[in-house]
Amino acid sequence: MDENNNIVCDEVKWIGYVGKENMISNAIAEILKLIQFEDIRVYNNIISKIMGDESFEQSRIEVQRKANSKDKSIPDILIKQNSYCILFEAKRGDENSINSDQLERHCKSLDGTAENKILIYLLKEFSDERIKEYKEIVKGYNKSIKLNFITYQDILNEIREHNFSNTLQQLVNELEYYLDKEDFLKSWKNRLDIVNCSKSI
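Model, not experiment: these values are computed from the prediction. (Residues numbered from 1 in each chain as written. Predicted model: local features only at pLDDT ≥ 70, side-chain atom pairs only at ≥ 80, totals over all residues. Heavy atoms only, no water.)

Novice: Where do I start with helix α6 (residues 152–160) in this structure?
Specialist: Each turn of an α-helix holds 3.6 residues, which means side chains three or four residues apart point in the same direction. What α6 keeps buried is the set Y152, Q153, I155, L156 and I159. Angular distribution of buried residues about the axis of α6 spans 165°; they occupy a single face of the element. (Buried < 20%, exposed > 50% of the residue type's maximum accessible area, 1.4 Å probe, protein only. Helix = DSSP H or I, 4+ residues; strand = E, 2+ residues; numbered from the N terminus. Arc of directions from axis to C-beta.)

Novice: What is the right way to read the packing of helix α4 (residues 100–110) against helix α5 (residues 128–141) from this model?
Specialist: The relative placement of two packed helices is expressed as an angle between their axes plus a distance between the axes. The geometry of α4 relative to α5 is characterised by a closest axis approach of 10 Å and an angle of 35° between their N-to-C directions. The element α4 and its partner α5 pack so that their crossing is right-handed. Residue-level inspection shows S100, L103, E104, C107 and K108 of α4 in contact with α5, the latter providing Y134, I137, V138 and Y141. Class assignment for the residues of the contact of α4 with α5 results in 6 nonpolar, 1 polar and 2 charged. (Axes fitted to C-alpha atoms, helices over the stretch in contact; angles between N-to-C directions. Left-handed = near helix turned anticlockwise from the far one by under 90°. Contact = heavy atoms within 4.5 Å. Nonpolar A, V, L, I, M, F, W, Y, C, P; charged D, E, K, R; others polar.)

Novice: Got a minute to help me understand the pairing of strand β2 (residues 77–80) in this structure?
Specialist: Regular strands place side chains that alternate from one sheet face to the opposite one. Of the strand pairs in this sheet, β2 and strand β3 (residues 84–90) are connected by 4 bridges, and their pairing is antiparallel. Bridge assignment links I79 to a residue of β3, and that residue is I86. In textbook terms, the turn of a hairpin is the stretch between consecutive antiparallel strands, and for β2 and β3 this stretch comprises 3 residues. (Pairing = 2+ DSSP bridges.)

Novice: Is there a simple way to think about the environment of M51 in this case?
Specialist: Tracing the sequence through the fold places M51 in helix α3 (residues 40–51). Taking C-alpha positions, M51 is 8.7 Å from K146, a pair spaced 95 residues apart along the chain.

Novice: In this structure, what is going on with unusual backbone geometry? I would like to understand it.
Specialist: Leaving glycine out, the prevailing phi sign among residues is negative, and the prevailing peptide bond configuration is trans. Residues other than glycine seldom take positive phi values, yet D183 does so here, at roughly 65°. According to the relative accessible area criterion, D183 is partly exposed, its value standing at 38%.

Novice: When you look at the nonpolar core in this model, what are you seeing that I'm missing?
Specialist: Grouped burial of nonpolar side chains is what soluble globular proteins tend to show. Of all hydrophobic cores here, the largest spans 37 residues; its most connected members are I28, I35 and Y152. Every element with two or more residues in this core is listed here: α2 (20–38), α3, β2, β3, β4 (116–123), α6 and α7 (166–181). Here this core gets 8 residues from one element, more than from any other, and that element is α2. For I35, the residues in contact, after removing those within four places along its chain, are I40, V42, Y43, I46, I159, F164 and L168. Membership of the second largest hydrophobic core comes to 17 residues, among which are A114, L119, I131 and Y134. (Core = buried A, V, L, I, M, F, W, Y, C linked by side-chain atoms within 4.5 Å.)

Novice: Explain α7 to me, please; I cannot follow it from the model alone.
Specialist: For α7, spanning 16 residues, the distance from its first C-alpha to its last is 22 Å, which sits close to the expected 22 Å at 1.5 Å a residue. Among all positions in α7, only L168, Q170, L171, V172, E174, L175, Y178 and L179 are buried. Count one or two residues on from α7 and you reach D183, which has phi positive near 65°. (Expected span 1.5 Å × (residues − 1).)

Novice: Help me out: how do you make sense of the environment of Q36 in this one?
Specialist: Along the chain, the position of Q36 falls in helix α2. Between the C-alpha atoms of Q36 and I46, which are 10 residues apart in sequence, the distance is 9.9 Å.

Novice: What should I look at first to understand the packing of aromatic side chains in this one?
Specialist: Here a ring pair, both rings aromatic, is described through the centre-centre distance and the interplanar angle of the planes. In the structure shown here, the tally under the stated rule is 4 aromatic pairs. Taking the centre distance of 5.9 Å and the plane angle of 20° together, the rings of Y121 and F149 count as stacked. Of the two residues, Y121 sits in strand β4 while F149 sits in strand β5 (residues 145–151), which places them 28 residues apart along the sequence. Residue classification places F149 among the buried positions, given a relative accessible area of 13%. Note on Y152 and F184: the rings are 4.7 Å apart at their centroids and 85° apart in plane angle, and the pair reads as edge-to-face. Remark: F184 occurs in the segment after α7 and Y152 occurs in helix α6; sequence separation between them is 32 residues. F184 shares its class with Y152; the two are buried. Among the aromatic residues, ring-to-ring pairing joins Y121, F126, Y134 and F149 into one connected group. (Phe/Tyr/Trp six-rings, centres within 6.5 Å; stacked < 30°, edge-to-face > 60°.)

Dropping the structure here:
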């Protein structure tokens, strides 16, 4: 705790695995689990926005980090229950950092898991050009798999839409600080660079 008795998250405790992407996905998974236990309705709302499926409304479900699914691939986050199975893969860059072979392995991991199968990539940013290519790969493997893309900024914005307890709010603040520090956010686009153009005499 700090001098104001606020709980301060120790960054080391966010880190469960080696590599920046795994550290970030670990932190996001922890936040999602805490939100789920604090308010399941808020959790459902956030997940539905991330999935692009407003019909998502479930009770307690299992959230795993770096879960090995059938030994076919190792997604960064796995959310599952009877009717839904959601795999998250976190990448440090944009859509060009996605590996097609890994994409297909994730598709194989979703085989036979649930009626609704969703694969979500967490990216720093992305454009629509290569996204279509990846969606065609998934469609060719299994048409029932839904492929979504979301930025770290977007998932943080979705979380920020809601009010939480002081403890959880502090952790969300820590998550934002960590994402910004590791350059996963778009905050640089909102910064104003001031350049001295005056000439010395």
